[in-house]
Amino acid sequence: MCKYFFEDTPLVLNAVEQKFPLVRGEGLHHGLEDKPAYFFIDPQGMKGSIEVNIEGPQHFTKNQIERQADATYLVKYTPVEVGLFKIFVKWNQREVPSSPFLACVTNPEKVRVVGGGGGLHALLDHHNILKLTRYAERSSGYHTRDAGPGTLTAVITAPNGTKLPFKLANSNGEQPHLHTLTFSAIYEGEYKIQVYWENHSIPGMPIIARSAAAAPDGPTSSTASRSIEVHGPGLH
(Lines give C-alpha, C1' and ligand atoms only; values in the text may rest on other atoms or scores of the structure.)
Protein backbone atom coordinates (compact mmCIF):
# COMPACT_ATOMS: atom_id res chain seq x y z
CA MET A 1 0.00 0.00 0.00
CA CYS A 2 1.32 3.39 -0.95
CA LYS A 3 0.78 6.49 1.18
CA TYR A 4 1.13 10.06 -0.01
CA PHE A 5 1.55 13.08 2.20
CA PHE A 6 1.16 16.70 1.18
CA GLU A 7 2.50 19.80 2.82
CA ASP A 8 0.16 22.09 4.75
CA THR A 9 -2.30 19.33 5.48
CA PRO A 10 -4.87 18.81 6.87
CA LEU A 11 -6.80 21.72 5.34
CA VAL A 12 -9.27 23.57 7.55
CA LEU A 13 -12.36 24.86 5.76
CA ASN A 14 -14.68 27.39 7.34
CA ALA A 15 -18.26 27.19 6.06
CA VAL A 16 -20.06 30.51 6.18
CA GLU A 17 -23.84 30.43 5.90
CA GLN A 18 -25.12 32.74 3.19
CA LYS A 19 -27.40 35.48 4.44
CA PHE A 20 -30.59 36.46 2.71
CA PRO A 21 -32.82 39.52 2.89
CA LEU A 22 -35.93 39.51 5.03
CA VAL A 23 -39.14 39.23 3.03
CA ARG A 24 -42.37 40.26 4.76
CA GLY A 25 -45.79 41.71 4.11
CA GLU A 26 -49.45 40.84 3.68
CA GLY A 27 -49.09 40.51 -0.09
CA LEU A 28 -46.97 37.38 0.37
CA HIS A 29 -49.99 35.51 1.73
CA HIS A 30 -53.21 37.31 0.80
CA GLY A 31 -54.59 39.45 -1.99
CA LEU A 32 -57.80 40.69 -3.59
CA GLU A 33 -58.57 40.36 -7.27
CA ASP A 34 -57.97 43.63 -9.19
CA LYS A 35 -56.58 45.29 -6.04
CA PRO A 36 -52.89 46.18 -5.47
CA ALA A 37 -50.99 43.90 -3.08
CA TYR A 38 -47.69 44.74 -1.42
CA PHE A 39 -44.75 43.19 0.38
CA PHE A 40 -41.25 44.33 1.40
CA ILE A 41 -37.73 43.04 0.91
CA ASP A 42 -35.12 44.15 3.45
CA PRO A 43 -31.50 43.47 2.34
CA GLN A 44 -30.27 44.29 5.86
CA GLY A 45 -27.35 46.30 4.48
CA MET A 46 -26.21 43.63 2.02
CA LYS A 47 -25.41 44.30 -1.61
CA GLY A 48 -27.00 42.21 -4.31
CA SER A 49 -29.63 41.82 -6.96
CA ILE A 50 -33.34 41.14 -6.44
CA GLU A 51 -35.60 39.20 -8.78
CA VAL A 52 -39.33 38.64 -8.24
CA ASN A 53 -41.61 36.48 -10.37
CA ILE A 54 -45.30 35.92 -9.61
CA GLU A 55 -47.21 33.02 -11.14
CA GLY A 56 -51.01 32.96 -10.97
CA PRO A 57 -53.33 30.02 -11.70
CA GLN A 58 -53.53 30.94 -15.40
CA HIS A 59 -51.16 33.86 -15.99
CA PHE A 60 -47.90 35.38 -14.83
CA THR A 61 -48.44 38.66 -13.00
CA LYS A 62 -46.32 41.75 -13.50
CA ASN A 63 -44.73 43.35 -10.47
CA GLN A 64 -42.95 46.59 -9.65
CA ILE A 65 -39.94 46.88 -7.33
CA GLU A 66 -39.30 50.28 -5.78
CA ARG A 67 -36.37 51.18 -3.55
CA GLN A 68 -37.47 53.02 -0.39
CA ALA A 69 -35.73 55.74 1.60
CA ASP A 70 -34.79 53.23 4.32
CA ALA A 71 -32.98 51.00 1.74
CA THR A 72 -35.76 48.41 1.71
CA TYR A 73 -37.66 47.48 -1.43
CA LEU A 74 -41.41 47.69 -1.95
CA VAL A 75 -42.88 45.07 -4.28
CA LYS A 76 -46.30 45.80 -5.77
CA TYR A 77 -48.48 43.56 -7.92
CA THR A 78 -52.15 43.49 -8.94
CA PRO A 79 -53.66 40.02 -9.39
CA VAL A 80 -56.27 39.83 -12.16
CA GLU A 81 -57.67 36.43 -11.23
CA VAL A 82 -58.56 34.51 -8.09
CA GLY A 83 -56.72 31.44 -6.84
CA LEU A 84 -53.35 30.48 -5.39
CA PHE A 85 -50.37 32.56 -6.53
CA LYS A 86 -46.73 31.47 -6.32
CA ILE A 87 -44.32 34.30 -5.49
CA PHE A 88 -40.68 33.55 -6.30
CA VAL A 89 -38.09 35.83 -4.68
CA LYS A 90 -34.40 35.53 -5.59
CA TRP A 91 -31.36 37.24 -4.10
CA ASN A 92 -28.22 37.08 -6.21
CA GLN A 93 -29.97 34.47 -8.37
CA ARG A 94 -30.70 32.21 -5.39
CA GLU A 95 -34.16 31.75 -3.94
CA VAL A 96 -34.61 33.15 -0.46
CA PRO A 97 -35.90 30.85 2.31
CA SER A 98 -39.62 29.97 2.01
CA SER A 99 -39.68 30.92 -1.68
CA PRO A 100 -41.97 30.37 -3.47
CA PHE A 101 -44.50 32.00 -1.15
CA LEU A 102 -48.16 31.07 -1.61
CA ALA A 103 -50.67 33.92 -1.72
CA CYS A 104 -54.41 33.28 -1.58
CA VAL A 105 -56.22 35.75 -3.87
CA THR A 106 -59.97 36.08 -3.44
CA ASN A 107 -62.85 38.31 -4.50
CA PRO A 108 -65.65 38.62 -1.89
CA GLU A 109 -67.76 40.55 -4.40
CA LYS A 110 -68.19 37.29 -6.32
CA VAL A 111 -69.99 35.57 -3.45
CA ARG A 112 -73.59 35.14 -4.61
CA VAL A 113 -76.62 35.08 -2.36
CA VAL A 114 -78.73 32.08 -3.28
CA GLY A 115 -82.47 32.70 -3.41
CA GLY A 116 -85.18 30.11 -3.01
CA GLY A 117 -85.19 27.14 -0.69
CA GLY A 118 -85.69 29.35 2.37
CA GLY A 119 -83.06 31.91 1.37
CA LEU A 120 -83.51 35.47 2.58
CA HIS A 121 -84.24 36.86 -0.87
CA ALA A 122 -87.05 34.36 -1.43
CA LEU A 123 -88.86 35.70 1.65
CA LEU A 124 -88.97 39.37 0.69
CA ASP A 125 -92.40 40.96 0.42
CA HIS A 126 -93.37 43.69 -2.06
CA HIS A 127 -91.83 46.29 0.26
CA ASN A 128 -88.47 44.45 0.19
CA ILE A 129 -88.89 43.59 3.86
CA LEU A 130 -88.04 40.19 5.27
CA LYS A 131 -90.54 39.03 7.87
CA LEU A 132 -89.50 36.28 10.25
CA THR A 133 -91.40 34.50 12.97
CA ARG A 134 -89.64 34.91 16.26
CA TYR A 135 -87.82 31.74 17.39
CA ALA A 136 -88.32 30.14 13.97
CA GLU A 137 -85.17 29.20 12.04
CA ARG A 138 -84.46 30.90 8.74
CA SER A 139 -81.71 30.10 6.24
CA SER A 140 -79.72 31.99 3.67
CA GLY A 141 -77.51 30.37 1.03
CA TYR A 142 -74.20 31.67 -0.34
CA HIS A 143 -72.37 30.38 -3.40
CA THR A 144 -68.59 30.90 -3.34
CA ARG A 145 -67.26 29.01 -6.38
CA ASP A 146 -66.15 32.15 -8.23
CA ALA A 147 -64.80 33.97 -5.17
CA GLY A 148 -61.50 32.07 -4.97
CA PRO A 149 -60.11 29.88 -2.19
CA GLY A 150 -61.24 30.92 1.26
CA THR A 151 -63.56 30.43 4.19
CA LEU A 152 -67.05 31.81 4.73
CA THR A 153 -67.66 33.14 8.24
CA ALA A 154 -70.42 35.14 9.88
CA VAL A 155 -71.08 37.27 12.94
CA ILE A 156 -74.57 38.02 14.24
CA THR A 157 -74.69 40.57 17.03
CA ALA A 158 -77.72 40.43 19.31
CA PRO A 159 -79.43 43.49 20.87
CA ASN A 160 -77.56 43.04 24.15
CA GLY A 161 -74.20 43.09 22.36
CA THR A 162 -73.56 39.37 22.61
CA LYS A 163 -72.97 37.07 19.66
CA LEU A 164 -76.08 35.20 18.55
CA PRO A 165 -75.51 31.46 17.98
CA PHE A 166 -76.00 30.29 14.40
CA LYS A 167 -75.18 27.38 12.11
CA LEU A 168 -73.01 27.79 9.04
CA ALA A 169 -72.91 24.58 7.05
CA ASN A 170 -71.09 23.61 3.86
CA SER A 171 -72.94 21.46 1.35
CA ASN A 172 -70.40 18.77 0.54
CA GLY A 173 -70.69 16.45 -2.43
CA GLU A 174 -72.43 17.82 -5.51
CA GLN A 175 -72.29 21.48 -4.41
CA PRO A 176 -69.13 21.97 -2.32
CA HIS A 177 -69.24 25.74 -2.84
CA LEU A 178 -72.73 26.18 -1.39
CA HIS A 179 -72.91 27.38 2.22
CA THR A 180 -76.04 27.81 4.32
CA LEU A 181 -76.38 30.23 7.23
CA THR A 182 -79.18 29.33 9.65
CA PHE A 183 -80.25 31.43 12.63
CA SER A 184 -83.27 32.54 14.64
CA ALA A 185 -83.91 35.74 16.60
CA ILE A 186 -84.68 35.15 20.24
CA TYR A 187 -84.42 38.65 21.69
CA GLU A 188 -86.33 41.86 21.21
CA GLY A 189 -84.39 44.67 19.57
CA GLU A 190 -81.86 45.27 16.82
CA TYR A 191 -79.52 42.72 15.28
CA LYS A 192 -76.49 43.16 13.05
CA ILE A 193 -75.75 40.37 10.59
CA GLN A 194 -72.35 40.29 8.87
CA VAL A 195 -71.03 37.67 6.45
CA TYR A 196 -67.36 37.47 5.39
CA TRP A 197 -65.39 35.66 2.72
CA GLU A 198 -61.78 35.14 3.80
CA ASN A 199 -62.17 37.94 6.40
CA HIS A 200 -63.57 40.44 3.86
CA SER A 201 -67.18 41.58 3.98
CA ILE A 202 -69.31 40.38 1.09
CA PRO A 203 -71.51 42.91 -0.79
CA GLY A 204 -74.64 44.17 0.92
CA MET A 205 -73.38 43.70 4.46
CA PRO A 206 -74.14 44.38 7.21
CA ILE A 207 -77.85 43.60 7.39
CA ILE A 208 -79.73 45.27 10.23
CA ALA A 209 -82.66 43.33 11.71
CA ARG A 210 -85.21 44.50 14.26
CA SER A 211 -87.37 42.10 16.20
CA ALA A 212 -90.73 42.93 17.76
CA ALA A 213 -91.62 42.11 21.37
CA ALA A 214 -92.82 38.60 22.10
CA ALA A 215 -95.99 37.84 24.01
CA PRO A 216 -95.56 37.46 27.80
CA ASP A 217 -96.38 33.76 27.64
CA GLY A 218 -93.26 33.08 25.54
CA PRO A 219 -92.82 31.35 22.21
CA THR A 220 -95.20 28.47 22.93
CA SER A 221 -98.21 30.74 23.26
CA SER A 222 -100.55 31.08 20.30
CA THR A 223 -100.13 34.86 20.55
CA ALA A 224 -96.35 34.75 20.73
CA SER A 225 -95.66 35.02 17.02
CA ARG A 226 -94.18 38.34 16.04
CA SER A 227 -92.12 39.47 13.07
CA ILE A 228 -88.67 40.81 12.31
CA GLU A 229 -88.05 43.43 9.68
CA VAL A 230 -84.66 43.21 7.98
CA HIS A 231 -83.29 46.10 5.96
CA GLY A 232 -80.03 46.48 4.10
CA PRO A 233 -78.47 46.75 0.67
CA GLY A 234 -77.78 43.02 0.65
CA LEU A 235 -81.51 42.33 0.38
CA HIS A 236 -82.05 44.28 -2.86
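The present account deals with the structure reproduced in this document. Predicted model only: the values in this text are computed from it and were never measured.

### What to know about the overall build of the protein
Working step 1: Tallying secondary structure elements over the protein gives 0 helices and 20 strands in all.
Working step 2: Counting across all 236 residues of the protein, residues that qualify as buried make up 35%.
Working step 3: In the protein, the share of contacts with a sequence separation of at least 24, taken over all contacts with a separation of at least 6, comes to 59%.
Working step 4: Split by element, the accessible area of the protein, about 14,500 Å² in all, is 51% carbon and sulfur.

### Comments concerning the pattern of salt bridges
Working step 1: Here the structure, examined in full by the defined rule, presents 2 salt bridges.
Working step 2: The partner of Asp146 in a salt bridge is Arg145, and the shortest N-O contact between them spans 3.6 Å.

### Considerations on the side chain of Glu33
Working step 1: With respect to the element layout, Glu33 can be found in the loop between strand S2 (30-32) and strand S3 (37-42).
Working step 2: Side chain to side chain, Glu33 and Lys110 meet in a polar contact 3.1 Å long.
Working step 3: In this structure Glu33 touches Pro79, Val80, Glu81, Val82, Val105, Thr106, Asn107 and Lys110, once residues within four positions along its chain are discounted.

### Some points on the environment of Arg210
Working step 1: Looking at where Arg210 falls in the secondary structure, it is placed in strand S19 (residues 207-211).
Working step 2: The spatial distance from the C-alpha of Arg210 to the C-alpha of Glu190 is 4.3 Å, given a sequence separation of 20 residues.

### Points about the sheet that holds strand S7 (residues 73-77)
Working step 1: Strand order in this open sheet of 4 strands is S1-S3-S7-S6, and the pairing throughout is antiparallel. What marks the edges here is a single partner per strand, and that holds for strand S1 (22-24) and strand S6 (63-67). Across the sheet, the axes of successive neighbouring strands diverge by a mean angle of 20 degrees, strand direction being ignored.
Working step 2: Looking at chain direction, S1 and S3 are connected through 3 bridges and run antiparallel. Looking across to S3, one finds that Arg24 is bridged to Phe40.

### Structural notes on the sheet that holds strand S11 (residues 112-114)
Working step 1: Spatial strand order, S11-S13-S16-S15: 4 strands in an open sheet with antiparallel pairing. Each having just a single partner strand, S11 and strand S15 (167-171) make up the two edges of the open sheet. Each strand axis lies, on average, 30 degrees off the axis of its neighbour in the sheet, ignoring direction.
Working step 2: Looking at chain direction, S15 and strand S16 (residues 178-183) are connected through 5 bridges and run antiparallel. Among the inter-strand pairings, Leu168 is bridged to a residue of S16, identified as Leu181.

### Here we look at unusual backbone geometry
Working step 1: Ser99 connects to Pro100 through a cis peptide bond whose omega is 5 degrees.
Working step 2: By secondary structure assignment, the location of Pro100 is in the loop between strand S9 (94-95) and strand S10 (101-106).
Working step 3: Even without a glycine there, the phi angle at Asn199 is positive, about 70 degrees.
Working step 4: Here Asn199 is to be found in the loop between strand S17 (189-197) and strand S18 (200-201).

### Some details on the environment of His200
Working step 1: Relative to the assigned elements, His200 resides in strand S18.
Working step 2: As a C-alpha pair, His200 and Glu109 span 91 residues in sequence and 9.3 Å in three-dimensional space.
Working step 3: What His200 contacts, discounting residues up to four positions off in sequence, is Leu32, Pro108 and Val195.

What counts as what
- Residues numbered from 1 in each chain as written.
- Predicted model: local features only at pLDDT ≥ 70, side-chain atom pairs only at ≥ 80, totals over all residues.
- Heavy atoms only, no water.
- Helix = DSSP H or I, 4+ residues; strand = E, 2+ residues; numbered from the N terminus.
- Buried < 20%, exposed > 50% of the residue type's maximum accessible area, 1.4 Å probe, protein only.
- Contact = heavy atoms within 4.5 Å.
- Areas by Shrake-Rupley, 256 points an atom, 1.4 Å probe, with all protein chains shown as cover.
- Salt bridge = Lys/Arg side-chain N within 4 Å of Asp/Glu carboxyl O.
- Polar contact = N/O pair within 3.5 Å; in protein donor to acceptor, adjacent residues only side chain to side chain.
- Pairing = 2+ DSSP bridges.
- Axes fitted to C-alpha atoms, helices over the stretch in contact; angles between N-to-C directions.

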